[in-house]
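As a plain string of letters, each chain reads:
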Amino acid sequence: MHRTDRSRSLRDQETHTPYSDDDLDATTGEYELSERQALRRVPGLSTELTDITEVEYRQLRLERVVLVGVWTEGTQSDADNSLTELAALAETAGSQVLEGLIQRRSRPDPATYVGRGKVDDLTGVVLSTGADTVICDGELSPSQLRNLEQRTKVKVVDRTALILDIFAQHAKSKEGKAQVELAQLEYLLPRLRGWGETLSRQTGGSGRGGGAGGGVGLRGPGETKLETDRRRIRHRIARLRREIKGMKTVRQTKRARRSRNAVPAVAIAGYTNAGKSSLLNRLTGAGVLVENALFATLDPTTRRATTSDGRLYTLSDTVGFVRHLPHQIVEAFRSTLEEVAEADLVVHVVDGTHPDPEEQVRAVREVLSEVGADRLPELLVVNKTDATDEETLLRLKRLWPDAVLVSAHSGRGIDALRQEIEQRLPRPAVEVRVVLPYDRGDLVARLHRQGEVLSTSHLPEGTLLHVRVGEALAAELTPFVAAGDPAVAGSR
């Protein structure tokens, strides 16, 4: 099928296909997923020309990477899990993992991260595997980056740069792209001096004394290339912060509107690839992109949902977390993460198939505390139970007895999750009995949307409702309060 026709057919399918629990194809962001996969680099294709006629069919080769980590604390299983996660991050970024090395040290070497002897071993592995990149499971200083690149003779990337690269690939919205660019520039700024000698060349001369970086036509007042780059990056950072601040105002306005209408907010948070987007699709039919990859979705999605008794609330999907999430990401995405801090309930999704779910929960709670969301009510949800063995499920149930076990893929436990969310939603503060004339059907509908209707009966003069509502709506209902039954504040 021609690409244009295929794209149109997918859009039509998303627009006209109704959502049902039995068919999730229309709610997994399949059009966006197909576009992303169409741009992915294909592994296993050689870039070496064996015949001149092949020049038209050359394909971009995947980066071939070697992973290296330093085990400073915890068990060997913890170190293995961390390197396994680094491999998943590298594959998500489009790399081919060839080998992984772990060194036991009390602390990373300040000069080369892994130590002088281990660098020689690493260089040997790079030569034997034909790797073109080394990825370190930690954040490296500029000197460590420079020293490792000089010794291994290949590009060296740390965990922070890898995560930032994935974010840059997956950001779609204007706000998401601005947040990722801000994080990348803040990471790059202190590391400019370690990225090649060409950055120290003069751009406009070196003043009275000339200089090593100058030359014919370059002497005179000016600044170094490094200083120019730093100045431009600082200006760009300031501009991005202003833009993100403006976008934050828009978010606050939307939150204020929901607050005025007394609409409770539920935020879905959790480790990356725990199934948050799949869960949102299953609960609301949101149509958010679903992909078995880390940080597949970055842009928050908010959808409306309704309780069994007719009350409205919102469900918001948020950016996934990961252990050692770069502080640049937390700061840049702070306005987005504040969606979680302003929620009435946090649905914390845990991957039941992960070898160390306790570490996932700890990492997520650590980030939530940074944005002030640790004080909110939390509902733990163990996802992917259809792919988890019974022994693991029993262990997790003992560990978290109040957790809800679900499978967003099969739909198992979704009804129980809906009921649990409804029970934990905040109740309106004012309980009142009102008699609404039959021509005020608009108020009756509004009470069902914004309040909790406890009972309904019909009288000759109108509809008698026993309801719980917010203070603002209770004030509007004052003329209709039933005689002898004033509004009383408090909980049921």
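Residues numbered from 1 in each chain as written. Predicted model: local features only at pLDDT ≥ 70, side-chain atom pairs only at ≥ 80, totals over all residues. Heavy atoms only, no water.

A. View of the overall build of the protein. Check the secondary structure of the protein and you find 16 helices and 14 strands. Taken across its 492 residues, the protein has 46% of its residues classed as buried. Intrachain contacts of the protein at a sequence separation of at least 6 include 68% that bridge at least 24 residues. Split by element, the accessible area of the protein, about 24900 Å² in all, is 49% carbon and sulfur. (Helix = DSSP H or I, 4+ residues; strand = E, 2+ residues; numbered from the N terminus. Buried < 20%, exposed > 50% of the residue type's maximum accessible area, 1.4 Å probe, protein only. Contact = heavy atoms within 4.5 Å. Areas by Shrake-Rupley, 256 points an atom, 1.4 Å probe, with all protein chains shown as cover.)

B. Here's a closer look at helix α13 (residues 390-399). Along α13, the residues that are buried comprise Thr392, Leu393 and Leu396. End-on view of α13: buried residues confined to an arc of 100 degrees, all on one side of the axis. Among the exposed residues of α13, those oriented more than 90 degrees off its buried face are Glu390, Glu391, Leu394 and Arg398. As for α13, its buried residues are in contact with α12 (357-370), β9 (378-383) and β10 (404-405). At the N-terminal end of α13, a side-chain oxygen is found 3.2 Å from the backbone nitrogen of Glu391, two or three residues along, and the residue is Asp389. (Arc of directions from axis to C-beta. Polar contact = N/O pair within 3.5 Å; in protein donor to acceptor, adjacent residues only side chain to side chain.)

C. Structural detail: the sheet that holds strand β1 (residues 63-71). If you trace the 4 strands from one edge of the open sheet to the other, you get β2-β1-β3-β4, paired in parallel fashion. With partners counted over all chains shown, the strands left at the sheet margins are β2 (95-104) and β4 (155-158), one partner each. In this sheet, neighbouring strand axes are inclined to one another by 25 degrees on average, regardless of whether the strands run parallel or antiparallel. Here strand β3 (residues 133-136) runs beside β4; their pairing, made up of 4 bridges, is parallel. The partner of Ile135 across the bridge, within β4, is Val157. (Pairing = 2+ DSSP bridges. Axes fitted to C-alpha atoms, helices over the stretch in contact; angles between N-to-C directions.)

D. Seen up close, the packing of aromatic side chains. Applying the stated criterion across every chain, the model contains 0 aromatic pairs. Over the ring of Trp71 we find Arg104; its NZ or CZ atom is 4.2 Å from the centre of that ring. (Phe/Tyr/Trp six-rings, centres within 6.5 Å; stacked < 30°, edge-to-face > 60°. Lys NZ or Arg CZ within 6 Å of the ring centre and 35° of its normal.)

E. Highlighting the packing of helix α4 (residues 116-129) against helix α5 (residues 142-152). Look at α4 against α5: their axes get within 9 Å of each other, and the N-to-C directions meet at 50 degrees. Comparing the axis directions of α4 and α5 gives the class oblique. Once α4 is placed against α5, the crossing between them reads as right-handed. For the pair α4 and α5, the contacting residues are Arg116, Val119, Asp120, Leu122, Thr123 and Val126 in the first and Leu148, Arg151 and Thr152 in the second. (Parallel < 35°, antiparallel > 145°, perpendicular 65-115°, else oblique. Left-handed = near helix turned anticlockwise from the far one by under 90°.)

F. Layout of the environment of Gln360. Within the fold, Gln360 resides in helix α12. Remark: the alpha-carbon pair of Gln360 and Phe321, spanning 39 residues in sequence, is separated by 8.5 Å. Among all residues touching Gln360, those that are not within four sequence positions of it are Tyr271, Val350, Asp351 and His354.

G. Structural view of helix α15 (residues 441-450). All buried positions along α15 are accounted for by Leu443, Leu447 and Gln450. Within α15, the buried residues cover an arc of 90 degrees as seen down the axis, which keeps them to one side. On its buried side, α15 packs onto β11 (430-436), β12 (452-459), β13 (462-469) and α16 (471-476).

H. Broad picture of the nonpolar core. Formed by 91 residues in total, the largest nonpolar core has its most connected members in Leu279, Phe321, Leu417 and Ile421. Per element, the largest residue contribution to this core is 6 residues, and it comes from helix α7 (residues 174-188). Aside from chain neighbours lying at most four places away, what touches Ile421 is Val266, Leu283, Tyr313, Leu345, Val347 and Leu379. One finds Leu436, Leu447, Leu465 and Val467 within the second-largest nonpolar core, a separate group that totals 14 residues. (Core = buried A, V, L, I, M, F, W, Y, C linked by side-chain atoms within 4.5 Å.)

I. Expanded view of the pattern of salt bridges. Under the counting rule described, the total for this entry stands at 19 salt bridges. Its salt-bridge partner being Arg239, residue Glu243 comes within 3.5 Å of it at the nearest N-O pair. Of this pair, Glu243 and Arg239 both sit in helix α8 (residues 225-260), 4 residues apart, which is roughly one turn of the helix. Glu243 gets classed as partly exposed once you look at its relative accessible area, which sits at 28%. Put simply, Glu85, Asp137 and Arg159 are held in one network by salt bridges that share partners. (Salt bridge = Lys/Arg side-chain N within 4 Å of Asp/Glu carboxyl O.)

J. Quick look at the environment of Ile237. Note that Ile237 resides in helix α8. The class of Ile237 is buried, set by a relative accessible area of 7%. In sequence terms Ile237 and Ala178 are 59 residues apart; their C-alpha atoms lie 9.8 Å from each other. Sequence-distant contacts of Ile237, defined by excluding residues within four places in its chain, comprise Leu182, Leu185, Glu186 and Leu189.

K. Up close: the pairing of β1. Most of β1 sits out of view: 7 of its 9 residues are buried. Where β1 and β2 come together, 9 bridges link them in parallel fashion. Opposite Val66, over in β2, you have Glu99 as the bridge partner. Regarding the hand of the β-α-β motif, the stretch spanning β1, helix α3 (residues 76-92) and β2 is right-handed. Summarising the sheet, β1 and β3 pair through 4 bridges and their orientation is parallel. Within the sheet, the bridge partner assigned to Leu67 lies in β3 and is Ile135. (Right-handed = clockwise from strand over helix to strand, strands pointing away.)

L. Broad picture of unusual backbone geometry. Non-glycine residue Lys153 carries a positive phi angle of around 65 degrees. Residue placement: Lys153 occurs in the loop between α5 and β4. Lys153 gets classed as exposed once you look at its relative accessible area, which sits at 69%.

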